[in-house]
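# Observations on chain architecture
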Amino acid sequence: PPDSAFKNTQTVLTEKLSTGSRIILSPNPATNYVHISGVSEGNILVEIVDINGNTVLKQALSNNSIDVSKLAPGNYIVKLTMKNRTELLRLVKL
């Protein structure tokens with residue numbers, strides 16, 4: 001049935017996002033800025049992707065914070081690309 005297919009897709013997404021990392025976005029939900037803790041300083045690329053898969057923000061991480069004030073309210077995936085790994089985190093924008 002279609003309902004179970006949707007639930008399976010949602011479960012897979014959840015599993016992919018639970019990496020066991022100690023990286024934290026706060027505050028989350030956010031309105032203006034999001035602070036990222038648990039990452040070391042260095043070249044970190046931040047990409048924010050909306051629920052349709054569109055990249056809505058792409059920039060180098062600066063001062064461990066991201067300005068999300070211009071994003072529309074909704075759910076997003078924050079992709080952090082570091083030297084030897086990539087982390088995916090959920091973000092709710094109010």
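Residues numbered from 1 in each chain as written. Predicted model: local features only at pLDDT ≥ 70, side-chain atom pairs only at ≥ 80, totals over all residues. Heavy atoms only, no water.

## Re the sheet that holds strand β4 (residues 55-60)
Threshold: Note: two strands are recorded as paired if DSSP finds a minimum of 2 bridges between them. Strands here are runs of E lasting at least two residues and helices are runs of H or I lasting at least four, both read from the DSSP assignment and numbered beginning at the N terminus. Interaxial angle, 0 to 180 degrees, is taken between N-to-C directions of lines fitted to C-alpha atoms, where a helix line uses only the stretch in contact.
Spatially, four strands are ordered β4-β3-β6-β7 in an open sheet, and the strand pairing comes out antiparallel. Of all strands in the sheet, those with a lone pairing partner are β4 and β7 (86-93), marking the two edges. Neighbour to neighbour, the strand axes of the sheet diverge by 20 degrees on average, direction disregarded. By the bridge criterion, six bridges tie strand β3 (residues 45-50) to strand β6 (residues 74-81) in an arrangement that is antiparallel. Bridge pairing in β6 places Asp50 opposite Tyr76.

## Regarding the nonpolar core
Going by this rule: Each nonpolar core is a collection of buried residues, namely Ala, Val, Leu, Ile, Met, Phe, Trp, Tyr and Cys, held together in the definition by side-chain atoms within 4.5 Å. Buried residues are those whose accessible area, probed at 1.4 Å on protein chains only, stays under 20% of the maximum for their type, while exposed residues exceed 50% and partly exposed ones sit between those limits. We call two residues in contact when some of their heavy atoms are within 4.5 Å.
Counting residues in each nonpolar core, the largest one holds 20 residues, and the members touching the most others are Ile48, Ile66, Val78, Leu80 and Leu91. Mapped by element, the contributors of at least two residues to this core are β2 (33-37), β3, β6 and β7. The contact partners of Leu91, leaving out residues within four places of it in the chain, are Leu25, Asn28, Ala30, Val34, Ile48, Val68, Gly74, Asn75, Tyr76 and Val78.

## Details of the confidence of the model for the protein chain
The line we're drawing: Each residue carries a pLDDT score, the predictor's confidence in it, ranging from 0 to 100.
Per-chain confidence: the protein chain averages 83 in pLDDT, with 77% of residues scoring 70 or above. Low pLDDT, under 50, characterises residues 3-16; the stretch is placed with two contacts to residues that sit more than four places away or in other chains.

## Here's the deal with the environment of Leu94
Structurally, Leu94 is set in the segment after β7. Considering only alpha carbons, one finds Leu94 and Gly74, 20 residues apart in sequence, at a separation of 6.7 Å. Those residues within four positions of Leu94 in sequence are excluded, and the remaining contacts are Pro29, Ala30, Thr31 and Pro73.

## Describing the sheet that holds β2
With respect to topology, three strands assemble into an open sheet ordered β1-β2-β5, the strand pairing being antiparallel. Both outer strands of the open sheet, β1 (24-26) and β5 (65-67), are each paired with one neighbouring strand and no more. In this sheet, neighbouring strand axes are inclined to one another by 25 degrees on average, regardless of whether the strands run parallel or antiparallel. Sheet analysis places β2 next to β5, joined by three bridges and oriented antiparallel. The partner of Tyr33 across the bridge, within β5, is Asp67.

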